[in-house]
Amino acid sequence: MKGYEEPTTTFIEILTIIIFTLFVLGSLLMVTKFRTDARLATTKRIMIDFGENVLSANCLTNEKNVLNETKIRSEFEYYKSNKDDKDGFSCLETSIPIKTIIQTEETKWEFGDAIGKIFIFPAVLLKDNGSTVPAIVTIMTEVD
Amino acid sequence: MKGFTLTLSVISLIATILIGIFISFVLGIMYSFHLYITKTLIIEKIYSSSNAQDALLSLLEMKKEGISFKQALIYSVYENTLEPKIYNGEKEVVYNLKDVAKEFLDYVYRYDDYWLFLYNTSTQKYETILASKNNPEKLFSDPKGNSRAQVPLSKDYYLVIYIKTAD
């Protein structure tokens, strides 16, 4: 039995090193998985952040949440001649494709080109004649 | 001495396994907690309520005959009525808060439920301006799926909105 003691000790030490390595690799995998999940969760966050920027952009609004019809028309002309702009607005800049839809019961403007998840923001549109109508701003994007 | 070395190796193996289990457990808790904080708390509670906040901020800017909803609310609180009489520079206007709120909320939340009311913090009483359904107290008693926003109007009064998004 004594003759087996030395190989047994070596075997256990090797086993210890293997298990320790597995735990280290497992921990690293968990951290990687967490980062992946957190990135998925941010899709909504990106839409909300961008939407809030749209609602306070000086090229679209008079003040926060008050969209200006004249400014939107002007921005729509800009978008038609700058189709490569990822968001479609002259005063906003983004590195990912984002689509913004501004609509009221009568009118609808679409900026940018993207398909994916959506988030909706309530807003109010100040018309050229000084009256206001309810509006909906829809942000659409797909983040990998 | 060899027996001692063997015992030490076994103890070292067991200790490694126990420490590994402990680390996995701690990482598991941290992982769950981080996901909870990131998704549930920040995304769902804080960010998603921005929709209700934007609704309230937009509604305050809605105008009728040159008078904004926020101006009318102040008159409403002081005149203690949901149809305050306001002079708009040309004539006296009876501003119906319910009509303006309905125009806005019925368009923005056509598929969702909402409840807009004035809340008095000193008396702890509320007065409903508009709700999508009858008995909104019961509808919004279940907090699941609710988002809420409020703006102060005066020392005691708040304008509050509850939104329940359709599944």
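Residues numbered from 1 in each chain as written. Chains lettered and ligands numbered in written order. Predicted model: local features only at pLDDT ≥ 70, side-chain atom pairs only at ≥ 80, totals over all residues.

A separate point is the interface of chain A and chain B. Tallying the contact residues gives 35 residues for chain A and 33 residues for chain B. Secondary structure elements with two or more residues in the side of chain A that touches chain B: α1 (5-55), β5 (117-126) and β6 (132-141) of chain A. At 23 residues, the largest contribution of residues to the side of chain A that touches chain B is made by α1 of chain A. Residue composition of the side of chain A that touches chain B, by class: 18 nonpolar, eight polar and nine charged. (Contact = placed C-beta atoms within 7 Å. Helix = DSSP H or I, 4+ residues; strand = E, 2+ residues; numbered from the N terminus. Nonpolar A, V, L, I, M, F, W, Y, C, P; charged D, E, K, R; others polar.)

Our next topic: the confidence of the model for chain B. All names here are of chain B. Taken as a whole, chain B shows an average pLDDT of 87; of its residues, 94% reach a score of 70 or greater. Mean pLDDT across the elements of chain B bottoms out in helix α1 (residues 2-47) (78) and peaks in helix α4 (residues 97-108) (95). In the model output, the complex is listed with pTM 0.75 alongside ipTM 0.74. (pLDDT = per-residue confidence, 0-100.)

So, about the pairing of strand β7 (residues 146-152) of chain B. Where a strand is regular, its side chains alternate between the two sheet faces. Residue and element names in this part refer to chain B. The sheet contact formed by β7 and strand β8 (residues 157-164) spans seven bridges and is antiparallel. Considered in β8, the bridge of Ser147 is made with Ile163. What sits between the antiparallel neighbours β7 and β8 is a turn of four residues. (Pairing = 2+ DSSP bridges.)

This part covers the sheet that holds β6 of chain A. Residue and element names in this part refer to chain A. The sheet built from six strands is open, its strands ordered β1-β2-β5-β6-β3-β4 with mixed pairing. Because the sheet does not close on itself, it has two edges, and the strands there are β1 (61-63) and β4 (108-111). Strand-to-strand twist across the sheet, computed as the mean angle between neighbouring axes with direction ignored, equals 35°. Sheet analysis places strand β3 (residues 98-103) next to β4, joined by four bridges and oriented antiparallel. Across the sheet, the residue bridging to Gln103 is Lys108, located in β4. Sheet contacts for helix α2 (residues 69-81): β2 (66-68), β3, β4 and β5; angle to β2, the most-contacted strand, approximately 60°. (Axes fitted to C-alpha atoms, helices over the stretch in contact; angles between N-to-C directions.)

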